[in-house]
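# Coordinate inspection notes
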Amino acid sequence: MLIASFSFASMAVCVKVASAWFNAAELVFYRGLVGMLLMWLMVRRQGTTLRTAHPGMHAWRSLVGVMSLGAWFYAIAGLPLATAMTLNYMSSVWIAAFLVGGALLAWNPRADALRQGPLALALLAGFAGVVMMLRPTIDQNQVFAGLVGLLSGLGAAFAYLQVMALGRIGEPEARTVFYFAVGSAVAGGGGMLVVGASAWDWHALWLLPMALLASLGQWAMTRAYSHGATLVVANLQYSGLVFGALYGVLLFGEVIPPVGWLGMALIIAGGIAGTVLRARAAPHSPAEEH
């Protein structure tokens, strides 16, 4: 997940530059197109196939993932960037709510799921760091965009849980990422038919690193959720904000106030606490039981 977060933060730098010449639909389309090619090559190298016995699960993962991505783009257009990012990062809180809430409904004090409680608290502490770091605000005329931003986080949570389910049944990470890339290319292509396409010049070179970093991040994220403890992985996902903040300082001259650095420290502390608590709660249990 640390590799995924770094890749996505690096991709965001490319998107920030490329968005001056390409619209959101184009960025989604080229991200998916290059991702399809890369994952196809990886599948061939691994000696496996793109044929799957679970097309419905892949279709659902692609559907909710692409819808979440589209909602996030809409939220970015209608909200301050800090607010849109915070709402999208609530996906980890939604995951905690699903897992811990399900354990409480079952109410089995000896069940491993109830040990998720301290992990959920660590994750919520990480989200508190997100809020401190980004300091989101929503005006009255931005309520609808805010609701869409919330839905982007909810959709991302469903997508991540579906990734975890695909990993449990043995689907290779490259295959899962390939079908998400297909969904992105189809959705982006449909959007281009509606809003049009930009003329190509040398600025199109930014599309290649954007797509490569997105594919690497998607593959690493898929592997993390497939083989890791879900709440720990979700907690480490917050590290993307740290990488993004460092890029902002080093490349764009942004200034982070003291409360922002304090929030960054809380994010890191939450990730470490989640890892330690998981290891102490069930040191010999397989990841899929968490």
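Before reading further, recall that the structure is shown in the block above.
Figured I'd write up the structure that's included with this text.

Of the regular secondary structure elements, the protein holds twelve helices and zero strands. Overall, the protein shows an N-to-C arrangement of helices and strands of α-α-α-α-α-α-α-α-α-α-α-α. Across the 290 residues that make up the protein, the buried fraction comes to 48%. Across the protein, every contact between residues at least 6 apart in sequence was considered, and the portion connecting residues at least 24 apart equals 89%. As displayed, the protein offers around 14,000 Å² of accessible surface, 71% of which is attributable to carbon and sulfur atoms.

The next point concerns the layout of surface pockets. Of the pockets and cavities examined, the second largest pocket occupies roughly 150 Å³. Lining the second largest pocket are A24, A25, V28, V66, L69, G70, F73, A187, G188 and G191. Secondary structure elements with two or more residues in the lining of the second largest pocket: α2 (24–46), α3 (55–78) and α8 (173–195). The element contributing the most residues to the lining of the second largest pocket is α3, with four residues. Each residue belonging to the lining of the second largest pocket can be placed in one class, and the counts come to seven nonpolar, three polar and no charged.

Counted according to the given criterion, the structure contains five aromatic pairs. Taken together, the ring pairs connect F6, F243 and Y247 into an aromatic cluster. The cationic tip of R61 hangs over the ring face of F180; the distance from NZ or CZ to the ring centre is 4.2 Å.

Throughout the structure, instances matching the rule amount to two cavities of 30 Å³ or more. Estimated volume of the largest cavity: approximately 60 Å³. Lining the largest cavity are R31, G32, G35, V177, F180, A181, S184, A214, S215 and Q218. Of all the secondary-structure elements, those providing two or more residues to the lining of the largest cavity are α2, α8 and α9 (207–227). Sort the elements by how many residues they give to the lining of the largest cavity and α8 lands first, with four residues. For the lining of the largest cavity, the per-class residue count stands at four nonpolar, five polar and one charged.

Our next topic: a nonpolar patch on the surface. Taken together, L246, V249, L250, L251, F252 and W261 make up a surface patch of nonpolar side chains, about 560 Å² in accessible area. Sort the elements by how many residues they give to the nonpolar patch and helix α11 (residues 239–252) lands first, with five residues. Following the sequence through the fold, V249 ends up in helix α11.

Moving on, we come to the nonpolar core. As a rule of thumb, soluble globular proteins bury nonpolar side chains together. Membership of the largest hydrophobic core comes to 30 residues, with the highest contact counts inside it found for M1, I95, V130, Y225 and Y238. Those elements that place two or more of their residues in this core are α5 (91–106), α6 (116–134), α7 (143–168), α9, α10 (230–236), α11 and α12 (258–281). The dominant element in this core, judged by the number of residues it contributes, is α7, at six residues. Setting aside residues no more than four positions away along its own chain, I95 makes contact with A157, Y160, L161, Y225, T230 and L231. Of all hydrophobic cores here, the second largest spans 15 residues; its members include M11, F22, M192 and A214.

This paragraph deals with the pattern of salt bridges. Within this structure, the stated rule accounts for two salt bridges. Between R175 and E171 there is a salt bridge whose closest N-O contact spans 2.8 Å. Of the two residues, R175 and E171, both sit in the buried class. Between R223 and E173 there is a salt bridge whose closest N-O contact spans 3.4 Å. On the criterion of sequence distance, the pair formed by R223 in helix α9 and E173 in helix α8 is long-range, its members being 50 residues apart.

Parameters and conventions
- Here the residue index of a chain counts from 1 through its sequence in written order.
- Totals for whole chains, interfaces and linings use all residues, but because this is a predicted model, local features are given only for residues with pLDDT of at least 70 and pairs of side-chain atoms are given and counted only at 80 or more.
- Calculated side-chain values reflect all of the structure's heavy atoms, with hydrogen atoms and water omitted.
- Going along the chain from the N terminus, every DSSP run of H or I of four or more residues is numbered as a helix, and every run of E of two or more is numbered as a strand.
- Note on classification: 1.4 Å probe, protein chains only; a residue is buried when its accessible area is under 20% of the maximum for its type, exposed when over 50%, partly exposed between these limits.
- Contacts are residue-level and defined by heavy atoms, with any inter-residue pair within 4.5 Å sufficient.
- Every accessible area reported is derived by Shrake-Rupley at a probe size of 1.4 Å, with residue values counting cover from the shown protein chains alone.
- Note on definitions: the grid is 1 Å and covers protein atoms alone; a cavity is a set of points where a 1.4 Å probe fits but cannot get out; a pocket is an open set with protein on both sides within 12 Å along at least five of seven lines; lining residues have an atom within 4 Å of a point.
- Grid points are joined across faces, edges and corners, and a volume is the space filled by probe spheres set on the points.
- Throughout this entry, Asp, Glu, Lys and Arg are counted as charged residues, while Ala, Val, Leu, Ile, Met, Phe, Trp, Tyr, Cys and Pro are counted as nonpolar. The remaining residues, Gly among them, count as polar.
- Stacked, tilted and edge-to-face are the three classes assigned to paired rings of Phe, Tyr and Trp, where Trp is represented by its six-membered ring and a pair needs centres within 6.5 Å; plane angles under 30 degrees give stacked, over 60 edge-to-face, the rest tilted.
- Geometrically, a lysine NZ or arginine CZ counts as sitting over a ring once it is within 6 Å of the ring centre and also within 35 degrees of the ring normal.
- Each patch is built from salt-bridge-free residues with over 30% relative accessible area, joining like charges within 9 Å and nonpolar side chains (Val, Leu, Ile, Met, Phe, Trp, Tyr) within 5 Å.
- Salt bridges are defined by distance alone: a side-chain nitrogen of Lys or Arg within 4 Å of a carboxyl oxygen of Asp or Glu.
- Definition of nonpolar core: a set of buried residues of the types Ala, Val, Leu, Ile, Met, Phe, Trp, Tyr and Cys, connected through side-chain atoms within 4.5 Å.

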